[in-house]
Amino acid sequence: MEVWEAKQKAIKVLEEKLGEEERAEARRDHHAKRPPRPCGITVHTGVGCPLACAYCYIYDMGFPGSVKPYKLTPLQMAYAIATNPYVAVGAWGTLVAVGSVTEPFLPETREKAVGYMRAIAEYLGNPIQISTKMLPPLELAEVQRGLDVLISVTDLEGRLEPKAPRPVERLMAGAELLKRGISVTLFVRPIVPGVTDRELMRLLTARGKWDSVELSSALCE
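Residues numbered from 1 in each chain as written. Predicted model: local features only at pLDDT ≥ 70, side-chain atom pairs only at ≥ 80, totals over all residues. Heavy atoms only, no water.

Student: Is there a simple way to think about the pattern of salt bridges in this case?
Tutor: Between side chains of opposite charge, a pair can form as their charged atoms come close. This structure, assessed with the given rule, holds eight salt bridges. Where R27 meets E15, a salt bridge forms, and the shortest distance between an N and an O atom there is 3.5 Å. On the criterion of sequence distance, the pair formed by R27 in helix α2 (residues 20–28) and E15 in helix α1 (residues 2–17) is long-range, its members being 12 residues apart. A salt bridge links R118 to E142, with the nearest nitrogen and oxygen atoms 3.6 Å apart. A residue pair is termed long-range when its members are at least 10 positions apart, and R118 in helix α4 (residues 110–123) and E142 in the loop between β5 (128–132) and β6 (148–153) qualify at 24 residues. On the accessibility criterion, R118 (33% relative accessible area) is partly exposed. Take E142: its relative accessible area is 59%, and that puts it in the exposed class. Three or more residues are tied together by salt bridges with common partners; here these are R118, E139 and E142. (Salt bridge = Lys/Arg side-chain N within 4 Å of Asp/Glu carboxyl O. Helix = DSSP H or I, 4+ residues; strand = E, 2+ residues; numbered from the N terminus. Buried < 20%, exposed > 50% of the residue type's maximum accessible area, 1.4 Å probe, protein only.)

So this is what it looks like as structure tokens:
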């Protein structure tokens, strides 16, 4: 009953802040309808991606090599998720996984990604996780206590991700977030045979050296 009441309260608060057309658009959106995946309810901050990582699947799904920020406003996204019948609202509710068919911290999607997370944290309170191979903004430390940032790395040279920031830069940015109290996880994926598996020990060693100076030194060995 408490879970249901929390969901209805969140919906009501957001309805008061949105116009009729905004509410209707959000309810039509697939974020308001589809069941969560095993990793949670995925949130799209944009559609398409220009990074063209060698292993990326989105182009085979028909998504473009350019990015367009997602159409919903932050309040609309929070409302769509709240009205989704498969989603539980609150601190023990459904995990919200930000990112999917784009990189959330591209210059074109960065502001919207942070806005989505702020709205979800403020109005729903659900646990949030975000995965990125860009440099995560330091303002994430202000979004939510317990926010989990996954730093995606496939290999330490970045050979399969030539348009993304160097892996060492990503890890050093993660180290700075750790200092600010944010949970940061080394997200090794995908495991590419002949590439990632050969570097697992170096990756795990780097994971244990989050200090910027130590980390930079360790990755140059």
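Student: Hey, could you run me through the pairing of β6 in this one?
Tutor: Side chains on a regular strand alternate between the two faces of the sheet. Counting buried positions along β6 yields six of six residues, so the element is predominantly enclosed. Across the two faces of β6 the burial is the same, with D148, L150 and S152 and V149, I151 and V153 all buried. As judged from the four bridges shared by β5 and β6, these two strands associate in the parallel manner. Looking at the pairing, T132 lines up with I151 of β6. After leaving β6, the chain enters helix α5 (residues 167–179) and then returns to the sheet as strand β7 (residues 183–188), a path that is right-handed. (Pairing = 2+ DSSP bridges. Right-handed = clockwise from strand over helix to strand, strands pointing away.)

Student: Just checking my understanding: could you explain the layout of surface pockets for this structure?
Tutor: It is the rolling of a water-molecule-sized probe over the atoms that shows where space remains empty. Put simply, the largest pocket is a space of about 530 Å³. Around the largest pocket, the lining is made up of 30 residues, and of these Y57, G99, S100, S131 and R189 lie nearest the centre. At the level of elements, β4 (96–98), β5 and β6 are the ones that each hand at least two residues to the lining of the largest pocket. Here the lining of the largest pocket gets four residues from one element, more than from any other, and that element is β5. Partitioned by chemical class, the residues of the lining of the largest pocket number 18 nonpolar, eight polar and four charged. (1 Å grid on protein atoms, 1.4 Å probe; cavity = no way out; pocket = protein on both sides within 12 Å on 5 of 7 lines; lining within 4 Å. Points joined across faces, edges and corners; volume = space filled by probe spheres on them. Nonpolar A, V, L, I, M, F, W, Y, C, P; charged D, E, K, R; others polar.)

Student: How should the sheet that holds β6 be read in this particular structure?
Tutor: Spatially, the five strands line up as an open sheet ordered β1-β4-β5-β6-β7, and their pairing is parallel. Pairing within the sheet leaves two strands with one partner each, and these edge strands are β1 (41–43) and β7. Adjacent strand axes in the sheet meet at a mean angle of 25 degrees when their direction is disregarded. Where β4 lies against β5, three bridges are found, and the strand directions are parallel. Across the sheet, residue V98 finds its bridge partner in β5, namely I130. Helix-sheet contacts for α4 involve β1, β4 and β5, and the interaxial angle to β5 is about 165 degrees. Sheet strands touched by α5: β6 and β7. Its angle to β6, the strand with the most contacts, is close to 165 degrees. (Axes fitted to C-alpha atoms, helices over the stretch in contact; angles between N-to-C directions. Contact = heavy atoms within 4.5 Å.)

Student: Honestly, the environment of T94 in this entry has me stumped. Any pointers?
Tutor: You can see T94 is positioned in the loop between α3 (74–83) and β4. In this structure T94 comes out as buried when scored by relative accessible area, which is 15%. Remark: the alpha-carbon pair of T94 and G40, spanning 54 residues in sequence, is separated by 6.2 Å. Apart from the residues within four sequence positions on either side, T94 is in contact with P36, I41, Y86, V87, A88, N126 and P127. At a separation of 3.0 Å, a polar atom in the side chain of T94 contacts the main-chain amide nitrogen of A88. (Polar contact = N/O pair within 3.5 Å; in protein donor to acceptor, adjacent residues only side chain to side chain.)

Student: Help me understand the nonpolar core, please; the structure alone is not making it clear to me.
Tutor: If you look at soluble globular proteins, the nonpolar side chains tend to sit buried side by side. By size, the foremost hydrophobic cluster in this structure holds 53 residues, and its most contacted members are M117, L124 and L140. Per-element tally for this core: the top contributor is α4, with seven residues. With near-sequence residues (within four places) excluded, L140 lies in contact with F105, V114, M117, L147, V149, L177 and I182. (Core = buried A, V, L, I, M, F, W, Y, C linked by side-chain atoms within 4.5 Å.)

Student: Just checking my understanding: could you explain the packing of α3 against α4 for this structure?
Tutor: The packing of two helices is summarised by the inter-axis angle and the distance between the axes. Contact pair α3 / α4: the axes reach a minimum separation of 8 Å and the direction vectors enclose 50 degrees. On the basis of their axis angle, the class for α3 and α4 is oblique. When the axes of α3 and α4 are compared, the crossing they make is right-handed. Each of P74, L75, M77, A78 and I81 in α3 lies in contact with α4, whose residues at this interface are G115, Y116, A119, I120 and Y123. Of the residues contributing to the contact of α3 with α4, the split by class is nine nonpolar, one polar and no charged. (Parallel < 35°, antiparallel > 145°, perpendicular 65-115°, else oblique. Left-handed = near helix turned anticlockwise from the far one by under 90°.)

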